[in-house]
Amino acid sequence: MRSAVALGGGHGLHATLSALRRLTHDVTAVVTVADDGGSSGRLRRELGLLPPGDLRMALAALAADDDSGRRWGELVQHRFGGTGALAGHAVGNLLLAGLMEVLGDPVAALDEVAALLGLRGRVLPMSCDPLDIEAEVTGLGSPDGALIRGQVAVASTPGRVQRVWLRPDRPRACPEALDAVKAADVLLLGPGSWFTSVIPHVLVPELREALITSPARRVVVLNLAPEPGETAGFSPEQHLAVLSQHAPELQVDAVIADVAAVPVPERLHGTAAAMLAPGGRVHLAPVAAADPAAPRHDPAALADALGVVLAELDMHTGPGPLAGPVQTRAEPHGSAPGGQETRRSNGWR
């Protein structure tokens, strides 16, 4: 089965996985493990385990689309109410924490819950050790900038994040995650919290090397809007620039962005040119959900956009491992700079 690996965390990774499962059953999520807030942070501090929240969300995104999968998927996402010790904890977080303690292996614990939810894909941590994020931030009153630590602190800082790194300094990658990246046909980075969910993957040395050297197609999916805190005021091209700053050797085959979220397409094309592989392209498409309460990607539209991107790459560089004709719904289209069209057409499944 053709394989895709999505790297990220939180709601952004959930959106990517929801799109990918429409294209292939062989989907692996590689998930950040630096969360230190909420239920995940409490379990991490009390038990010394990997923070389970982002892992739980990825499992729920890939749960089987049948009565059993939907029921278990809803249950693992359920949070206890009230004011007692369980208040705020998600059932899936407690289940994963218990399995990690019983089995002594986070990958085995994830595979057990995956079987319970009927996953045909897999969810893996980017590292089997809990990590911390540190950041250099300007605009907090210090002329030389300030150092802040912790995912929550970085995500919510009123300052401007300049760069991030991980502690411990050279974390070990999860071996199964490395194997998945090396064997993948397509690798996706983003969308998601840029400094705390997306960029951390290129800060794990073995994982960065695997991303750079993998023969897979590499695709970056940009956010729909800057996030308050870590990327406040960022343009689409600034997101790409800071990713390149943290992984200068990384080349990608495509950048997907929502057409309405790119006010100056020429700037995005110019910034992307520095990190696009030969034959790579920027693809602007309507991938945002209609009238959302908060900006979020529409899984069907994102799946269509990815299909178009891979079909276009095949036209320029030869058939890729995921290529194949499929009928998708027609949409109005128009031209974007660089000859990219914001259309949906035959893609791959």
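- If you look the protein up in an unreviewed UniProt entry, it shows as Putative gluconeogenesis factor from Pseudonocardia adelaidensis.
- Entered under Sequence similarities (unreviewed entry) in the UniProt record, the comment concerning the protein runs "Belongs to the gluconeogenesis factor family."
- Recorded under Subcellular location (unreviewed entry), the UniProt text for the protein is reproduced unchanged: "Cytoplasm".

Structural notes on the overall build of the protein
Move 1: A tally of helices and strands in the protein yields 13 helices and ten strands.
Move 2: Here the protein holds 349 residues, and the buried ones make up 57% of them.
Move 3: Residue pairs in contact within the protein that sit at least 24 positions apart in sequence constitute 70% of those at least 6 positions apart.
Move 4: By element, 53% of the accessible surface of the protein is carried by carbon and sulfur atoms, the whole surface being about 14300 Å².

Here we look at the sheet that holds strand S3 (residues 122–125)
Hydrogen bonds between backbone atoms are what pair the strands of a sheet, whose relative direction is either parallel or antiparallel.
Move 1: An order of S3-S2-S1-S7-S8-S9-S10 is seen for the seven strands of this open sheet, with the pairing classed as parallel. In this open sheet, the two strands that pair with only one neighbour each are S3 and strand S10 (276–285). The average angle at which neighbouring strand axes cross in this sheet is 20 degrees, direction not considered.
Move 2: Looking at chain direction, strand S1 (residues 3–8) and strand S2 (residues 26–31) are connected through six bridges and run parallel. Across the sheet, the residue bridging to Gly8 is Val31, located in S2.

Some thoughts on helix H6 (residues 106–117)
Move 1: With twelve residues, H6 extends 17 Å from end C-alpha to end C-alpha; this agrees with the ideal 16 Å at 1.5 Å per step.
Move 2: Within H6 the residues assigned to the buried category are Pro106, Val107, Ala109, Leu110, Val113, Ala114 and Leu117. Viewed along the axis of H6, the buried residues span an arc of 160 degrees, placing them on a single side of the element.
Move 3: Turning to H6, the residues buried within the fold contact helix H3 (53–61), helix H4 (67–77), helix H5 (91–103), S3 and helix H8 (175–183).

Examining the sheet that holds strand S6 (residues 160–167)
Move 1: Taking strand neighbours across the sheet as the criterion, the three strands line up as S5-S4-S6 in an open arrangement whose pairing is antiparallel. Single-partner strands in this sheet number two, and they are strand S5 (146–149) and S6. Within this sheet the neighbouring strands show an average axis-to-axis angle of 25 degrees, counted without direction.
Move 2: In terms of strand pairing, strand S4 (residues 132–138) meets S5 through four bridges, oriented antiparallel.

A closer look at the side chain of Asp253
Move 1: Its place among the elements puts Asp253 in strand S9 (residues 252–258).
Move 2: Buried within the structure, Asp253 lacks any salt-bridge partner; its nearest side chain of opposite charge belongs to Arg218, at an N-O separation of 4.6 Å.
Move 3: When residues no more than four places from it in sequence are discounted, the contact partners of Asp253 are Ala216, Arg217, Arg218, Leu276, Ala277, Gly280, Arg281 and Leu313.

Re the nonpolar core
Move 1: Core analysis: the largest hydrophobic core is formed by 103 residues, its most contacted members being Leu17, Leu59, Val123, Val164, Ile199 and Leu207.
Move 2: Per-element accounting of this core gives the leading share, seven residues, to helix H13 (residues 299–317).
Move 3: Not counting residues within four places of it along the chain, the set of residues in contact with Ile199 comprises Val164, Trp194, Val242, Leu243 and His246.

Here's the deal with the pattern of salt bridges
Move 1: Evaluation of the coordinates by the stated rule reveals eleven salt bridges.
Move 2: Of the charged contacts in the structure, one is a salt bridge between Arg70 and Asp65, with a shortest N-O distance of 2.7 Å.
Move 3: For Arg70, a relative accessible area of 42% puts it in the partly exposed group.
Move 4: When salt bridges with common partners are traced through the structure, they connect Arg44, Asp132, Glu134, Arg149, Arg167 and Asp169 into a single cluster.

Topic: the packing of aromatic side chains
Move 1: Tallying each qualifying case throughout the model produces one aromatic pair.
Move 2: Each ring, one from Phe195 and one from Phe234, has its centre 6.0 Å from the other, and the planes form 80 degrees; the classification is edge-to-face. Here the residue Phe195 occupies a position in helix H9 (residues 194–198), and Phe234 occupies one in the loop between strand S8 (217–221) and helix H11 (236–246), the gap between them amounting to 39 residues. In this pair, the class of Phe195 matches that of Phe234, namely buried.

Some thoughts on the pairing of S2
Move 1: Among the six residues that make up S2, five are buried, leaving the element largely enclosed by the rest of the structure.
Move 2: In this sheet, S3 lies alongside S2 in parallel orientation, the contact comprising four bridges. In the strand pairing of S3, Thr28 is matched with Arg122.

Here we look at helix H10 (residues 205–213)
Move 1: Regarding H10, the residues found buried are Pro205, Leu207, Ala210 and Leu211.
Move 2: Tucked into the core, H10 has its buried residues touching S1, S2, H8, strand S7 (186–189) and S8.

Regarding unusual backbone geometry
Move 1: Note the cis peptide between Arg167 and Pro168, where omega equals 0 degrees.
Move 2: Turning to its location among the elements, Pro168 is positioned in the loop between S6 and H8.

A few points about the confidence of the model for the protein
Move 1: Per-residue confidence for the protein gives a mean pLDDT of 89, with 90% of residues at or over 70.
Move 2: When pLDDT is averaged over each helix and strand of the protein, the minimum, 86, is found for H13 and the maximum, 98, for S3.
Move 3: Note on residues 321–349: pLDDT under 50 across the span, and 77 contacts to partners over four residues away in sequence or across chains.

Conventions we followed
- Residues numbered from 1 in each chain as written.
- Predicted model: local features only at pLDDT ≥ 70, side-chain atom pairs only at ≥ 80, totals over all residues.
- Heavy atoms only, no water.
- UniProt positions renumbered as here; feature names shortened; annotations may be inferred.
- Helix = DSSP H or I, 4+ residues; strand = E, 2+ residues; numbered from the N terminus.
- Buried < 20%, exposed > 50% of the residue type's maximum accessible area, 1.4 Å probe, protein only.
- Contact = heavy atoms within 4.5 Å.
- Areas by Shrake-Rupley, 256 points an atom, 1.4 Å probe, with all protein chains shown as cover.
- Pairing = 2+ DSSP bridges.
- Axes fitted to C-alpha atoms, helices over the stretch in contact; angles between N-to-C directions.
- Expected span 1.5 Å × (residues − 1).
- Arc of directions from axis to C-beta.
- Lys, Arg positive; Asp, Glu negative; His and termini not counted.
- Salt bridge = Lys/Arg side-chain N within 4 Å of Asp/Glu carboxyl O.
- Core = buried A, V, L, I, M, F, W, Y, C linked by side-chain atoms within 4.5 Å.
- Phe/Tyr/Trp six-rings, centres within 6.5 Å; stacked < 30°, edge-to-face > 60°.
- pLDDT = per-residue confidence, 0-100.

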